[in-house]
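A structural walkthrough
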Amino acid sequence: MLTNFQLPEDIATLKVVVLTGAGISAESGLKTFRDNNGLWENHAVEAVATPEGFEQKPSLVYRFYNERRQQLLSPEVKPNAAHYALAKLEAKLADNLWIVTQNVDNLHQRAGSNNVLHMHGSLLSARCLQSQKNVETFSNIDGTSRCSCCQPSSKMRPDIVWFGEIPKHMERIESLLMEADLFVSIGTSGTVYPAAGFVNLANHYQVHSVELNLEPSEGVTRFAEKHYGSASRVVDEFVEQLLKGC
């Protein structure tokens, strides 16, 4: 692993940006939202993942994300070896490692990672419709849920970035990629932008790029190197070899 890339003598100085997608959470018993037909848990994307869908049928959208949240909080869903491997790498690199995740679960944090940017929001967060401030929540929300940040209090919505909305932390992500030595993409399809374009930014800034995936993504040709297999295996192997100074 890591061909044509020179590791620094002190591994702790290595600056790494990791992008994670649904593939890293699939082995944790967490269903991916979208199936091969483009449906989200048997619902059309337009119905549950757009501002228009929320406006037209908020009860359906609330129920959809409440069910996803409860699944995430179920005892069966736990971090896997890939999540723990990244937490182990962060323990060595500290603030030189940042995880940018497309996932809306908290499995990275549960494994011990602290430097996590949720570009698509979080199931464990609700957002005020008026102030756009978010608040952590482990309970169901619905049309009667109200914020505590406004007077009078305002309605809340799932703190999820829907299609047509701008992902979070974009300036921070580009800044991190600009300064990185290594960009690692894990468990992503390479079809959802802007995340699918991060490898282009990495290449632009001459950052060494690596794809770790179950199978080649649509952007496979843009990566300097790639390794395939289950996330729990290839991520763990990659981190172990990285820490050994391969």
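Read on for an overview of the structure. Along each chain, numbering runs from 1 in the same order as the chain's sequence is written. Selection of residues for local features in this predicted model requires a pLDDT of at least 70, selection of side-chain atom pairs for listing and counting requires 80 or more, and totals for whole chains, interfaces and linings are taken over all residues. The basis for every side-chain value is the complete set of heavy atoms in the structure, and neither hydrogens nor water enter the calculation.

A look at the nonpolar core
Soluble, globular proteins show a tendency: their nonpolar side chains are buried together. Leu14, Leu182, Val184, Val235 and Leu242 are the most contacted members of the largest nonpolar core, which totals 27 residues. Strands are runs of DSSP state E lasting at least two residues, helices are runs of H or I lasting at least four, and both sets are numbered from the N terminus onward. For this core, the element with the highest residue contribution is helix H9 (residues 231-243), accounting for 6 residues. For this analysis, residues touch if any pair of their heavy atoms sits within 4.5 Å. When sequence neighbours within four positions are dropped, the list of residues in contact with leucine 14 reads Phe5, Leu7, Pro8, Leu93, Asn96, Asp181, Leu182 and Leu242. The term nonpolar core refers to a set of buried residues drawn from Ala, Val, Leu, Ile, Met, Phe, Trp, Tyr and Cys, joined through side-chain atoms within 4.5 Å. For every residue, the accessible area obtained with a 1.4 Å probe (protein chains only) is divided by the maximum for its type, and the residue is called buried under 20%, exposed over 50%, and partly exposed between those limits. Formed by 24 residues, the second largest nonpolar core is a distinct cluster that contains Tyr62, Leu72, Val77 and Val104.

Details of helix H4 (residues 58-72)
Under the 1.5 Å per step criterion, the end-to-end length of H4 is 21 Å for 15 residues, consistent within 8% with the ideal 21 Å. Looking at H4, one finds that the buried residues are Leu60, Val61, Tyr62, Phe64, Tyr65, Asn66, Arg68, Arg69, Gln71 and Leu72. Of the surrounding secondary structure, the elements contacted by the buried residues of H4 are helix H2 (45-48), helix H3 (51-56), helix H6 (107-111), strand E4 (121-128) and strand E6 (156-160). By definition here, a helix of n residues has an expected span of 1.5 Å times n minus one.

Considerations on the packing of aromatic side chains
Pairing of aromatic side chains requires ring centres within 6.5 Å, counting the rings of Phe and Tyr and the six-membered ring of Trp. Pairs whose planes differ by under 30 degrees are stacked, by over 60 edge-to-face, and all others tilted. Evaluated as defined, the whole model comprises 5 aromatic pairs. Judged by centre distance (5.4 Å) and plane angle (40°), the rings of phenylalanine 54 and tryptophan 162 are tilted. Within this pair, whereas phenylalanine 54 is found in helix H3, its partner tryptophan 162 is found in the loop between E6 and helix H7 (170-179), the two being separated by 108 residues in sequence. For the pair phenylalanine 54 and tryptophan 162, one class covers both residues: buried. Their ring planes at 80° and their centres at 4.9 Å tell us that phenylalanine 64 and tyrosine 65 sit as a pair that is edge-to-face. A relative accessible area of 1% places phenylalanine 64 in the buried class. By relative accessible area, tyrosine 65 is classed as buried at 1%. An aromatic cluster is present here, built from Phe54, Tyr62, Phe64, Tyr65 and Trp162 joined pairwise through their rings.

Digging into the sheet that holds E4
Pairing between two strands requires that DSSP report at least two bridges joining them. Ordered in space as E5-E4-E6, the 3 strands form an open sheet in which the pairing is antiparallel. Of all the strands in the sheet, just strand E5 (134-136) and E6 have a single pairing partner and so form its edges. Sheet twist, expressed as the mean angle between neighbouring strand axes with direction ignored, is 45°. Inspection of the sheet shows E4 paired to E5 by 3 bridges, in the antiparallel sense. Bridge pairing in E5 links alanine 126 to valine 135. Every axis corresponds to a line fitted to the C-alpha atoms, with the helix fit spanning only the stretch in contact, and the corresponding angles, defined between N-to-C directions, vary from 0 to 180 degrees.

Digging into the sheet that holds strand E9 (residues 225-228)
Strands sit in the order E3-E2-E1-E7-E8-E9 across an open sheet of 6 strands; the sheet is parallel. Of all the strands in the sheet, just strand E3 (116-118) and E9 have a single pairing partner and so form its edges. This sheet shows a mean twist of 15° between the axes of neighbouring strands, independent of strand direction. The pairing of strand E1 (residues 16-20) with strand E7 (residues 182-186) spans 5 bridges and is parallel. Within E7, the residue paired with valine 17 across the bridge is phenylalanine 183.

Here's the deal with unusual backbone geometry
Residue proline 152 follows glutamine 151 across a cis peptide bond; omega there is 0°. Counting through the fold element by element, proline 152 comes out in the loop between E5 and E6. One non-glycine residue, histidine 169, lies in positive phi territory at about 65°. By the element assignment, histidine 169 lies in the loop between E6 and H7. Histidine 169 sits in the partly exposed class, given a relative accessible area of 36%. Even without being glycine, glutamine 206 reaches a positive phi, approximately 60°. For glutamine 206, the location among the structural elements is in the loop between helix H8 (198-204) and strand E8 (208-213). A residue is classified by how much of its surface remains accessible, and glutamine 206, at 74% relative accessible area, is exposed.

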